[in-house]
Amino acid sequence: MRGRNAERDRIERLLADARQGTSGVLLLHGEAGIGKTALLDYAAERADGVRVLRVEGIESEMELAYGGLHQLFLPVMELVDALPQPQAAAVRAVFGQSGDGVRDRFTVGLAVLTMLSEAAADGPLLCLVDDAQWLDQPSVDMLTFAARRLRAEGVVMLFAVRDGAPGAAVKGLPRLLVEALDREAAAELVPDLPPYVADRVIEEARGNPLALIELSAALTPAQRAGRLGPLALPETSAGLPSRIQDGFLEQIRRLPDATQAVLLVAAADDTGDLTVVLRAAESLGAAVEELEPAERAGFVLLSGAVVRFRHPLVRYAAYQGAPLARRIAAHRALADALGAAGQLHRRAWHLAAASTGPDETVAQELERVAEWAGSRQAMASASAAYERAARLTADPLLRARRLVRAAQRAADGGQDERCEALADQVPQPLADPVVAASLARARAVVELGYRRPETAARTLLDGADLLAGADPAGSADLTDGADLSGGGCPDMVASLLADAVHAAYSAGNATLIGEIASRAPDLPVLAVPARLFGGDVPGALAALAGLRALVESGSERGEGHERGGGNEDGNGSDPATGVMGRLMTGIYCQLTGDHAAARETAVGAVAHCRDQGVSGWLPTTLHLLARTELALGRHDEASAHAAEGLRLAEYHDLAHRAAHLRAALAMPAAVRGQEEEVRALAGEALEYTRPRGVGRGTADAQWALGLLELGLGRAEAALGPLESARREAAHPLLCLPLLPDLVEAAVRAGRPERAAEPARLLGEWATVLGRPALSALARRCRALTGSDRAAEEHFVAALALHEGGSDYDRARTALLYGEWLRRLRRQIDARDHLRAALEAFERLGAGPWADRARAELGAAGGETGLTLRHDGPISLLSPQEREVVRLAASGASNREIAAQLFLSPRTVGHHLYRAFPKLGVGSRTELAALLAS
């Protein structure tokens, strides 16, 4: 470990912290041969008294879903029995120990986190993941999910990733670049060479430790003596890993043929299972004795029943250096050996590797592997299996179907570029409209998730139009578990149209919403927008009542089961009783001003996602819930839901929904006057939404910026972003909630002419919709824009209409009324309203608004000695501690809290251990009483 003092110190600190109960994670990255594996070996050597788990990625086997995870946990599989039942069931399912599916990959991730925590229960744990870029993507996703949530378990996770190598994406972990050795450290690795020879080797190796060792080992006696001509070493233009691999290949070719055969089989295998390797090698005429020369040469390490290559480049040299015919023979031998061992999924992949042309039998086996992986939320692996099956398929229609399935699973797994590439391979035009519509949905998933929601909506609409005239009997039977159909053409058309409306709503395009809804105006989930945007408001409200009843009856019957993909589209269930129906019902309630009903629906949608394991939809339903809480003036609750949704959106790589959630988080921050946070959240949201035409997200972010300025007393500065927000949400129904702020900003800025039209629109829609909360805001705006003679009547009416609604909106009206009364020198009357506003704002934590109310109250001669709320000891807690404390006070156990917040139970206990002294409580009962007060 010469020249690696900084890296060793970092590893030593992580191990020391683990011995004190603190977890740590580090990703080591650099070029091949730079010393990443050596650093992992060093960590293992220094882990005295520490349990060690290790797994190595293998490029040829990276499509085997959860294979890496299974290899890592093999030594501690008994811990599965100690997991909570849902987690244990998920682990058994993904490890092939049961025939059950997995609805939610979060359950798998949480199980991995709990298993790591349990493995460290009796002492520290070191988890080593080498060549992580070549683990299967589901295993990487679950391991990084767990790694990002480790806190107080005493677990160290070290990942090693080769830079520039294609493979699984390892994201969101602390990184350390393993750089080239300096000349002094490099010279220490070649101490026996003459100076001139050492200089040449060091120059060629460019600080790469493996290259130094292998290049020096490859020198002839004459070269060691100093007889090096200008071409004695490889040309420097060749890639360094390639040269090292070539060196290994030359050494392997000196071994006996039988030894090379065993090495080839071991290189083609991913399990490291010596029994499997030897069984396969036996069919090629090799036996266990043939491994001895390779072991003596240091190419492989044998321990018990495991065979391991000393370096990945040795493996690749052994495999890539073999002729194609021998590689095919090795895969066939492994397929036979794995079939005998009952490992049918690995067998299928080896059969595919041994295929040189179309083979429907192998393609069907791979299709079964894909269906298995998809049912366990291993979407990347499912996509790869469908794609390989397609390549082995001769029939054009069947090949197209399998490519579409591959594209859909890639979209489900957040692989947008791969989805698009697969979709581009599907031959056009497609004869089967169901397959064509399914392809449209896959493309729309990518568009909505990462690009333009309007394009997604039109793509879905085109797919629905194509399918609407199709004869279900004339379409291929795609109801074989591959989710290419929603249960028949009519159901699939309805589902596509519902998804299209949702995408159009995200774009903020009311015209497109109406166009889509007009395709099926009698469909329950489309009847509301068809009438609402068509001018029939009473009909829309009646249709909404019917839709709510349908959603509620579906909830009672337990209908609407979805598949738990990580995207926001293609939920594949009944569009009325599934997630989409619940979402759109909540959105329609919001559009029509019934925020209490919207919240009730949103709570049900979130609960449905949790109960059914539809984690990919949780960020979207939590966003809806956060918006309903905002409309009701429950800003702390809105922040909590939006923050949880953002964490999940970032995990699922849902950039579109993350932008919406940042805008939603900016709103309560604006109410509190947290200027830096608002500008950061809104700015990041706008960076995504503006170039992609995400009108709703852009409008919400601009609204937050305007509200911030308005609260801080900068009305002129507020007017610009608020008017911009109104333009983004062009239809009055889409911008009703922000119109009161726009009216107030215009009036305060001395621009009453810019308040007249928004106030008129608000009044008209309040009258039509008949919602008290909306009518209260309309009456407030009429008081601001009308004559002083009528203002008091409107203020009084507004306050009466606010009863039972948002305390925040009522306080805003009371503040404006009190200011108006003070201007008329009615100081005593003004004080009552200003004091009520001040008390409400302080209770709600609306700092800037409380400051304004306090200043106005003082100017009216009132007592202003009230103390601004700081939440008492609650303000001492970190955001994570607040979430844990909130759930603990509700009666949730540590394991229940861990499952909801995706933490380990030990981390939950650690947070409570730290929070109790800060709050001055000693039990959960005291905690509940404190929060209730």
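Thresholds applied
- Residues numbered from 1 in each chain as written.
- Predicted model: local features only at pLDDT ≥ 70, side-chain atom pairs only at ≥ 80, totals over all residues.
- Heavy atoms only, no water.
- Helix = DSSP H or I, 4+ residues; strand = E, 2+ residues; numbered from the N terminus.
- Buried < 20%, exposed > 50% of the residue type's maximum accessible area, 1.4 Å probe, protein only.
- Contact = heavy atoms within 4.5 Å.
- Pairing = 2+ DSSP bridges.
- Axes fitted to C-alpha atoms, helices over the stretch in contact; angles between N-to-C directions.
- Salt bridge = Lys/Arg side-chain N within 4 Å of Asp/Glu carboxyl O.
- pLDDT = per-residue confidence, 0-100.
- Parallel < 35°, antiparallel > 145°, perpendicular 65-115°, else oblique.
- Left-handed = near helix turned anticlockwise from the far one by under 90°.
- Nonpolar A, V, L, I, M, F, W, Y, C, P; charged D, E, K, R; others polar.
- Core = buried A, V, L, I, M, F, W, Y, C linked by side-chain atoms within 4.5 Å.
- Phe/Tyr/Trp six-rings, centres within 6.5 Å; stacked < 30°, edge-to-face > 60°.
- Lys NZ or Arg CZ within 6 Å of the ring centre and 35° of its normal.

Visitor: Can you lay out the overall build of the chain for me, pointing to particular residues and giving the numbers?
Guide: Of the regular secondary structure elements, the chain holds 47 helices and seven strands. Counting every position in the chain, which comprises 933 residues, the buried fraction comes to 58%. Here the contacts in the chain between residues at least 6 apart in sequence split such that 69% fall between residues at least 24 apart.

Visitor: Describe the sheet that holds strand E2 (residues 51–56), listing the residues and the values that go with them.
Guide: Taken together, the five strands give an open sheet; going across it, the order is E2-E3-E4-E1-E5, and neighbouring strands pair in parallel fashion. This sheet does not close on itself; its edge strands, each paired only once, are E2 and strand E5 (175–177). With direction set aside, neighbouring strand axes in the sheet form an average angle of 15°. Taken together, the six bridges between E2 and strand E3 (residues 125–130) define a ladder with parallel strand orientation.

Visitor: Any chance you could break down the pattern of salt bridges for me, citing the residues and the numbers?
Guide: Overall, the coordinates contain 56 salt bridges when judged by the stated rule. Of the charged contacts in the structure, one is a salt bridge between Glu365 and Arg347, with a shortest N-O distance of 2.7 Å. Placement of Glu365 in helix H18 (residues 360–375) and of Arg347 in helix H17 (residues 344–353) is noted, with a sequence separation of 18 residues between them. You can call Arg347 partly exposed: its relative accessible area is 24%. Here Glu819 ties to Arg748 by a salt bridge, and the two come within 2.5 Å at their closest N and O atoms.

Visitor: Before we move on, can you summarise the pairing of strand E1 (residues 24–30) with the specific residues and values?
Guide: The element E1 is largely enclosed, with a buried count of seven among its seven residues. The alternating pattern of E1 places Gly24, Leu26, Leu28 and Gly30 on one face and Val25, Leu27 and His29 on the opposite face, and all of these are buried. Bridging between E1 and strand E4 (residues 155–162) involves seven bridges; their strand directions are parallel. Across the sheet, residue Leu28 finds its bridge partner in E4, namely Ala160. Summarising the sheet, E1 and E5 pair through three bridges and their orientation is parallel. Paired with His29 across the two strands is Leu177, which belongs to E5.

Visitor: I'd love a proper account of the confidence of the model for the chain, names of residues and values included.
Guide: Mean pLDDT over the chain stands at 83; residues scoring 70 or higher make up 89%. Contacts for the low-pLDDT stretch residues 866–870, under 50 throughout, to residues beyond four places or in other chains number 15 contacts.

Visitor: Quick one: what's the story with the packing of helix H34 (residues 695–711) against helix H37 (residues 739–748), residue by residue and with numbers?
Guide: Contact geometry of H34 with H37 gives a least axis separation of 11 Å together with a crossing angle of 45°. One finds that H34 runs oblique with respect to H37. Crossing handedness for the pair H34 and H37: left-handed. Residues Trp703, Leu707 and Leu710 of H34 lie in contact with H37, whose contacting residues are Asp741, Glu744, Ala745 and Arg748. Here the contact of H34 with H37 is composed, by residue class, of four nonpolar, no polar and three charged.

Visitor: Tell me about the environment of Gly593, and name the residues and values.
Guide: Inspection of the secondary structure assignment puts Gly593 in the loop between helix H28 (579–591) and helix H29 (595–612). Exposure remark for Gly593: the relative accessible area of 11% places this residue in the buried category. Along the chain, Gly593 and Pro772 lie 179 residues apart, while their C-alpha atoms are 8.7 Å from each other.

Visitor: Break down the environment of Leu648 for me, with residues and values.
Guide: Residue placement: Leu648 occurs in helix H31 (residues 635–651). The class for Leu648 is buried, based on a relative accessible area of 2%. Along the sequence, Leu648 and Ala658 sit ten residues apart, while their C-alpha atoms lie 8.6 Å from each other.

Visitor: Lay out unusual backbone geometry in plain terms, naming residues and giving numbers.
Guide: Phi angles above zero are rare outside glycine, and Tyr66 is one such case at about 65°. Residue placement: Tyr66 occurs in the loop between E2 and helix H3 (67–73). Positive phi is not limited to glycine here, since Asp131 has a value of about 50°. Along the chain, Asp131 turns up in the loop between E3 and helix H6 (137–147).

Visitor: Please provide a residue-by-residue account of the packing of helix H41 (residues 807–823) against helix H43 (residues 847–859), values included.
Guide: Contact pair H41 / H43: the axes reach a minimum separation of 10 Å and the direction vectors enclose 30°. As judged from the angle between their axes, H41 and H43 are roughly parallel. Read as a crossing pair, H41 and H43 show a hand that is left-handed. Residue-level inspection shows Tyr808, Arg812, Leu815, Glu819 and Arg822 of H41 in contact with H43, the latter providing Trp849, Arg852, Ala853, Glu856 and Ala859. Here the residues of the contact of H41 with H43 sort into five nonpolar, no polar and five charged.

Visitor: I'd like to hear about the nonpolar core, residue by residue, with values.
Guide: Core analysis: the largest hydrophobic core is formed by 194 residues, its most contacted members being Leu69, Phe73, Leu143, Met157, Phe159, Ile516 and Phe841. In contact with Phe73, other than residues within four places in its own chain, are Leu53, Phe95, Val112, Met115 and Leu116. Ranked by size, the runner-up nonpolar core spans 52 residues in total, among them Ala211, Ile244, Val277 and Tyr319.

Visitor: Give me the packing of aromatic side chains: which residues, what numbers.
Guide: Within the structure shown, the criterion is met by five aromatic pairs. Measuring from ring centre to ring centre gives 5.1 Å for Phe795 and Tyr817, while their planes differ by 20°; the resulting arrangement is stacked. Taken as a pair, Phe795 in helix H40 (residues 788–802) and Tyr817 in helix H41 lie far apart in primary sequence, 22 residues in all. Taking 6.1 Å as the distance between ring centres and 35° as the angle between the ring planes, the aromatic pair formed by Phe841 and Trp849 counts as tilted. An identical accessibility class is assigned to Phe841 and Trp849; each is buried. We note Arg327 situated over the ring of Tyr319; from NZ or CZ to the ring centre the distance is 5.4 Å. Between Arg692 and the ring centre of Tyr688, over which it is positioned, the NZ or CZ distance is 4.0 Å.

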